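Below, each chain spelled out in residue letters.
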Amino acid sequence: MFGRIEVFRGPHAAEIGKNASIGAISVVSRTPGDTLGTELRTAFDAENGGYVVDGAADLPLATWAKLRLALNRVDTRGWVEN
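Note that the structure is predicted; figures quoted are calculated from it, not measured.

Draft legend 1. Highlighting the pattern of salt bridges. Evaluated as defined, the whole model comprises three salt bridges. As a salt-bridge pair, Glu39 and Arg68 come within 3.2 Å of each other at their nearest N and O atoms. Taken as a pair, Glu39 in strand S3 (residues 37–45) and Arg68 in strand S5 (residues 66–75) lie far apart in primary sequence, 29 residues in all. The class of Glu39 is partly exposed, set by a relative accessible area of 27%. Residue Arg68 pairs with Asp58 through a salt bridge whose shortest N-O separation is 2.7 Å. Placement of the pair is Arg68 in strand S5 and Asp58 in strand S4 (residues 50–60), with a sequence separation of 10 residues. The exposure class of Arg68 is buried, given its relative accessible area of 18%. A network of salt bridges, in which partner residues are shared, links Glu39, Asp58 and Arg68.

This is how it looks when you write it as C-alpha cells:
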C-alpha cells in the first residue's frame with residue numbers, strides 16, 4: 001500500500017521543523033500505476049472480533065492523468081492490548 005516509510009532520528013531543525021526535539025516519521029505514498037488495478041488486504045481477530053481492511057485502486061484516466069485511491073479501516077472493538 002505504501003511506497004516507503006521513512007523514520008528520522010532526532011533532533012531536526014531545518015529539515016522537519018524549527019526546534020523539533022524528537023524524530024519524525026514520513027509516509028510516502030506509491031505513485032499511480034499505468035494500468036487499471038486493485039489491491040485488497042484483510043485481517044480478522046477471532047478472539048476479540050476486530051478487523052483491518054486495506055485497499056487501493058489505480059485508475060488511469062488519460063495518458064497524462066492517473067489516479068490512485070486508497071482505503072484503510074481498522075476496528076478493534078474498543079480493545080487494544082499493548
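Draft legend 2. A look at a nonpolar patch on the surface. On the surface, Ile5, Val7, Ile25 and Val27 cluster together into a nonpolar patch covering about 410 Å² of accessible area. For the nonpolar patch, the elements supplying multiple residues, two or more each, are strand S1 (2–8) and strand S2 (24–29). The topology assignment puts Val7 in strand S1. Val7 gets classed as exposed once you look at its relative accessible area, which sits at 61%.

Parameters and conventions
- Every residue gets a number counted from 1 within its own chain, in the order that chain's sequence is written.
- Local features in this predicted model are restricted to residues of pLDDT 70 or higher, and side-chain atom pairs are both shown and tallied only at a pLDDT of 80 or more, whereas totals for entire chains, interfaces and linings draw on every residue.
- The side-chain quantities take in all heavy atoms of the structure and omit both hydrogens and water.
- The salt bridge definition used is simple: a Lys or Arg side-chain nitrogen within 4 Å of an Asp or Glu carboxyl oxygen.
- Strands here are runs of E lasting at least two residues and helices are runs of H or I lasting at least four, both read from the DSSP assignment and numbered beginning at the N terminus.
- To sort residues, take the accessible area from a 1.4 Å probe on protein chains only and compare it with the maximum for the residue type: under 20% means buried, over 50% means exposed, and anything in between is partly exposed.
- Residues enter patches when they are more than 30% accessible in relative terms and free of salt bridges; like-charged ones are connected within 9 Å and nonpolar ones (Val, Leu, Ile, Met, Phe, Trp, Tyr) within 5 Å.
- Working definition of accessibility: Shrake-Rupley area with a 1.4 Å probe, residue cover restricted to the visible protein chains.

In short, geometric facts, not functional conclusions.
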